[in-house]
Amino acid sequence: MPALYALAVRRLLPPRFAIVGVARTEGDDDSWRKEMEQAVKEHARDEFRQDVWSELAEAMRYVSTDFADEGGEDKLEERIEACEREQDLGGNRVYYLAVPPPAFPTIVEALGKRKDDRGWTRVIVEKPFGHDLQSALALNELLRGHFQEDEIFRIDHYLGKETVQNMLALRFANGIFEPIWNRQFVDHVQITVAESIGIEGRAGYYEAAGAVRDIFQNHLLQLLALTAMEPPVEFTAESVRNEKVKVLRALHTPGPKSVVRGQYGRGFVEGEEVVAYREEKGVASDSTTETYVAAKLFVDNWRWADTPFYVRMGKRLARRETTIAIQFKAAPHPPFEESAAEGLRPNVLLIHVQPDEGVSLAIGVKVPGQGMQIRTVHMDFLYGGAFRTGMPEAYERLILDVMLGEATLFTRADEIEEQWLLVDAIVAAWQRDKPGFPNYAAGTWGPPSADDLLHRDGRSWRRH
Ligand code: BG6
């Protein structure tokens, strides 16, 4: 709703338009409007404007139903048809399924059955897309039984983030990066998706998902794919996704020593004392669900062979930070005395996905004054400084793209399947032994074994 509100503020929604909210909670149009008004006031990036809200609220309807109920779908259909009649909407529909995965089959069947050719029908499927490869294959088959691929939008909201899309601009709109974007010049890549928040009351979902299904399988692997992909021929859904899937296919299954999992214990996050994961409401006191994953991955192709991609993600870490760091090889022969270059580190191109969105390049420069001392400094580009407009939320772009039928920023079936293939192999190895959880304190940067993963290679995680 905050995303739809932001679109309404910018007059980007179609002039004739309706939103029908469906959930099990009892309620009516007015109670839902009130609840959403509150949500928009709290979460929208724009100041609240009564005139914009009133117009949007007028287009909102609510249906309380359970899809498992006989007749639930009829109730919804009646409501939608009434909207279409009253406002002469012409039959174009977007169904947004932000529902628990077990509900997908019933809903997809019901929607598929009622599809007609009065207008287009598109369906947005929220993550997690299945629970493993097998369930994802089944869900893809079910969807394909009722919808064409170009009517299915598998959402991964990281692809809607400005800074993630900027990875494509940075790489392919500039001539200087591509020639050195490979194993000859890059020492390794580090991708971090760190969150300071915990599970935010979502134990029911998170206990079954864990960090590997919640973030690694989707957001993280997509960031990796965009970093490692070949230049697409054109910026179209098929070209971009063809290149991404090649990277996912080339990912080498990591051995057990190359993957670290963790779970947070008690600690302090941003000055506040927080409970251990096992003490969160709804979490089993002996839960073995991981809240942290780090891994060393390899992309087995000509561009990247033998170049490690170190990735890590976790909840209740010291800070919220999503970054992609391309660490280049050190200069082959610096002609300075060793003591002069003590403060020099290899070049790093750092993409700040969030917060403090921007790009930063670490370079060595001479310290002013006598002699020749060299130190690393940063050349920074900050969105906030370069562009005066605020950053749009990912969902604004993505919801609008669905209405326009633009699928470039959505994941295709084959990408999701490749992602699961890797995750299934990681999870299978975990079944063999019981982890010693908790193994990191909330508010730290994860378990010590994650540091060892890099130390073994003579490297370390980027300093914070
Ligand atoms: C969601 C995960 O997909 O992404 C959450 O389910 C996570 O667990 C969230 O907190 C992070 O999104 P963002 O945009 O805040 O980085």
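Before any of the text, the structure's been laid out above.
Basis of the calculations
Residues numbered from 1 in each chain as written. Predicted model: local features only at pLDDT ≥ 70, side-chain atom pairs only at ≥ 80, totals over all residues. Heavy atoms only, no water. Helix = DSSP H or I, 4+ residues; strand = E, 2+ residues; numbered from the N terminus. Buried < 20%, exposed > 50% of the residue type's maximum accessible area, 1.4 Å probe, protein only. Contact = heavy atoms within 4.5 Å. Near = heavy atom within 4 Å. Areas by Shrake-Rupley, 256 points an atom, 1.4 Å probe, with all protein chains shown as cover. Nonpolar A, V, L, I, M, F, W, Y, C, P; charged D, E, K, R; others polar. Salt bridge = Lys/Arg side-chain N within 4 Å of Asp/Glu carboxyl O. Phe/Tyr/Trp six-rings, centres within 6.5 Å; stacked < 30°, edge-to-face > 60°. Lys NZ or Arg CZ within 6 Å of the ring centre and 35° of its normal. 1 Å grid on protein atoms, 1.4 Å probe; cavity = no way out; pocket = protein on both sides within 12 Å on 5 of 7 lines; lining within 4 Å. Points joined across faces, edges and corners; volume = space filled by probe spheres on them.

Undergrad: How do you make sense of the environment of Y206 when you look at a structure like this?
TA: Looking at where Y206 falls in the secondary structure, it is placed in helix α8 (residues 203-228). With relative accessibility at 1%, the residue Y206 sits in the buried group. Spatially, the C-alpha atom of Y206 lies 24 Å from that of R412, the residues being 206 residues apart in sequence. Once residues within four sequence positions are removed from consideration, Y206 is found in contact with I199, A211, D214, Y277, T289, E290, T291 and K315.

Undergrad: In this structure, what is going on with the site of the ligand? I would like to understand it.
TA: Contacts to the ligand come from K127, H157, Y158, K161, E195, I197, R202, D214, H219, K315, R320 and Q354. Protein contact buries 81% of the 400 Å² of open area that the ligand shows by itself. The residue makeup of the shell around the ligand, split by class, is two nonpolar, three polar and seven charged.

Undergrad: Is there a simple way to explain the pattern of salt bridges in this structure?
TA: Side chains carrying opposite charge are able to pair once their charged atoms draw close together. Counted by the stated rule, this structure contains 38 salt bridges. For E149, the salt bridge is made with R154, and the minimal N-O distance between the two is 2.8 Å. Residue classification places E149 among the partly exposed residues on the basis of a relative accessible area of 24%. In this structure, a network of salt bridges that share partners links the residues E77, E84, R93, D116 and R118.

Undergrad: Could you clarify how one ought to interpret the packing of aromatic side chains in this entry?
TA: Centre-to-centre distance and the angle between the planes together describe a pair of aromatic rings. Enumeration over the complete set of coordinates arrives at 15 aromatic pairs. Between W304 and F309, the aromatic rings sit 5.2 Å apart at their centres with planes inclined by 80°, giving edge-to-face as the arrangement. A residue is classified by how much of its surface remains accessible, and F309, at 0% relative accessible area, is buried. These aromatic residues form a ring-pair network of at least three members: Y205, Y206, Y264, Y277, Y292 and Y440. The ring centre of Y158 lies 4.6 Å from the NZ or CZ of K161, which sits over that ring.

Undergrad: Help me out: how do you make sense of the layout of surface pockets in this one?
TA: By rolling a water-sized probe across the atoms, one finds the places where empty space is left. One number sums up the size of the second largest pocket: a volume of about 440 Å³. For the lining of the second largest pocket, the elements supplying multiple residues, two or more each, are β6 (186-194), β13 (348-354), β14 (358-366) and β15 (374-382). Considered class by class, the residues forming the lining of the second largest pocket number five nonpolar, nine polar and five charged.

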